[in-house]
Amino acid sequence: MISHFYMPTRVVAGQGSLATIGTLARDLAMSRVLVVSDPVISQQPFHAEALAALEAAEIATARFDDCGIDARCSHIDTEGARVRREGIDGVVCIGGGSVMCTGKGIAIVATNRKPMAECTGVGRFDKRALPMIMVPTTAGSGSEVSQWTIVKDEERHLKLLGGGPLSFPDAAILDPVTLRSLPMRVAALPAVDALTHAVEAYFSAIGSPITDALAIAAVRLQYGSLRASINSDDERAREDNLVASCMANIACGNARLGHGHALSLPLEGHLDLPHPYGVGVLLPHVTAFNLAVLPHKVKPLAEALEVETAGLSRPEMIEACAEAIRSLYRDIGFPLGLHRRAAAGGARARDGAARCAGPLRRHRRSRLRPGHRQRPHRDRLPFGPQDDGRAGRGHLPALPRLRPRRHLNAFSGGTTPWTSRSCITTTCPRSARRSVSPSGSRGWPGARWRRRSGRHDRTLCR
Ligand SMILES: NC(=O)c1ccc[n+]([C@@H]2O[C@H](COP(=O)([O-])OP(=O)(O)OC[C@H]3O[C@@H](n4cnc5c(N)ncnc54)[C@H](O)[C@@H]3O)[C@@H](O)[C@H]2O)c1
Ligand SMILES: [Fe+2]
């Protein structure tokens, strides 16, 4: 089988690496950059440190600090026009996946001179995006090494994916100092998503020895560091966690994803779940399911998950892998299952949203204090933060009757042999009805796959 591997982004990792941002910008011939961030991150000391390093390298800076949860087409279009108007020649993103996807969109729109909505899909623009430097502040999305930007089109209520080889970031700086201010229960969500990226890339039928090596190393590194990274102030563990999430995205960027992401999509839509919730809860099941038909992958994965394999039969090893993931979830406060109340719908679901309100408000308040770190919580995670800071405004819709359909999809291009290139997904009969998610970002009553340009793009509607 012919396999392709492509990853042109320069990765600079380690404690203190943020100080190299000025030199990197000079190497990329940047003279005036747009620094993209959000209202929380722009108050953190490491943000000021990055600006100072750029200034020391005589790089002029303009700022956009208003990113929200998820990249928005409106922000991207406005800032893209500003970049052209002001002769800005580079984009520096300091933030989580939402910030990095916004910055990537701005870099695409600035050179291609068309709205972001027209750049979505695979390779729908033909000019190289502006040079980009990414500084991730969550260990999760891996957007810093990804050609894709995931954007929200607020007008059409769509969440769209855009990109191609012309929009790979030029450099990524992985400095653990950026994770210091990340509240612990917020840190768990992207971390579990990243673990899912690595495990699913490892199961992919279109993976290669290169992606397998990256994926298994990412699982090992992340599994070994996640507890300490989230539950303590271990800087080394945070660094490992950042590097692991980056490796996981490089692996799945080339090998694609599998059942967890494919099956999570309708779940996210029907239950208004934040994405890491859906994929994370599915991961132990998907792992056991896939390992049953990938016998040669059982032992390496078990070892990466720190399972003592001596004397275990293969089925026992598979069960031990699933249990290792569950035990990690228990330790970092990630839920093992979906809330029954949420599935029940109606008033009880509103109860569920209300139960999230307290922790959510506390998180909102605490994250506005620079440098604040919450104590670890071992109970259920709240739904993710909202754009406007209000909690409990959404309610979880009653579950509609699901209509399973076989579908080709972009994520499960490579899965287990017998389900290769296919998966079961569902379409919500109420997909036209709009609802607001407690997360503010994942609230689609329905999820659809649409065919475009002969390919299936991920197109979600709400
Ligand atoms: N391009 C890709 O390949 C790719 C892959 C996965 C996800 N994504 C996208 O990434 C987004 C999710 O990104 P995410 O999980 O990194 O979360 P995020 O960027 O949405 O951030 C979540 C919250 O954490 C806060 N935060 C982030 N870093 C912080 C820090 N160091 N200190 C304090 N607060 C901090 C932010 O202000 C925000 O409120 C989604 O929009 C998703 O679609 C993109
Ligand atoms: Fe994911």
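These numbers were taken from a predicted model, which means no experiment stands behind them.

## Details of the environment of Ala187
For Ala187, the location among the structural elements is in helix H5 (residues 184-203). With 50 residues separating them along the chain, Ala187 and Thr137 place their C-alpha atoms 9.8 Å apart. Ignoring any residue separated from it by four or fewer positions in sequence, one finds Ala187 in contact with Leu182 and Ile230.

## Re the nonpolar core
By size, the foremost hydrophobic cluster in this structure holds 58 residues, and its most contacted members are Val219, Ile230, Leu301, Leu305, Ile332 and Phe334. Elements supplying a minimum of two residues to this core: strand S10 (171-174), H5, helix H6 (209-231), helix H7 (235-255), helix H9 (275-291), helix H10 (295-304) and helix H11 (314-332). Among the elements that line this core, the one with the most residues is H5, at 13 residues. The residue makeup of this core includes at least three contributed by each of domain 1 (10-179) and domain 2 (184-339).

## Description of the confidence of the model for the protein chain
Residues of the protein chain with pLDDT of at least 70 account for 73%, and the chain-wide mean is 78. Low confidence marks residues 340-462, where pLDDT is under 50. Its contacts with residues over four positions away, or in another chain, come to 295 contacts.

## Considering the pairing of strand S2 (residues 32-36)
Most of S2 sits out of view: 4 of its 5 residues are buried. The pairing of S2 with strand S3 (residues 60-64) spans 5 bridges and is parallel. Opposite Val35, over in S3, you have Arg63 as the bridge partner. Following the chain from S2 across helix H2 (residues 45-56) to the adjacent parallel S3, one finds a crossover that is right-handed. Looking at chain direction, S2 and strand S5 (residues 90-95) are connected through 4 bridges and run parallel. Within the sheet, the bridge partner assigned to Val36 lies in S5 and is Cys93.

What counts and how
- Residues numbered from 1 in each chain as written.
- Chains lettered and ligands numbered in written order.
- Predicted model: local features only at pLDDT ≥ 70, side-chain atom pairs only at ≥ 80, totals over all residues.
- Heavy atoms only, no water.
- Helix = DSSP H or I, 4+ residues; strand = E, 2+ residues; numbered from the N terminus.
- Contact = heavy atoms within 4.5 Å.
- Core = buried A, V, L, I, M, F, W, Y, C linked by side-chain atoms within 4.5 Å.
- Buried < 20%, exposed > 50% of the residue type's maximum accessible area, 1.4 Å probe, protein only.
- Domains from an automatic or database assignment.
- pLDDT = per-residue confidence, 0-100.
- Pairing = 2+ DSSP bridges.
- Right-handed = clockwise from strand over helix to strand, strands pointing away.

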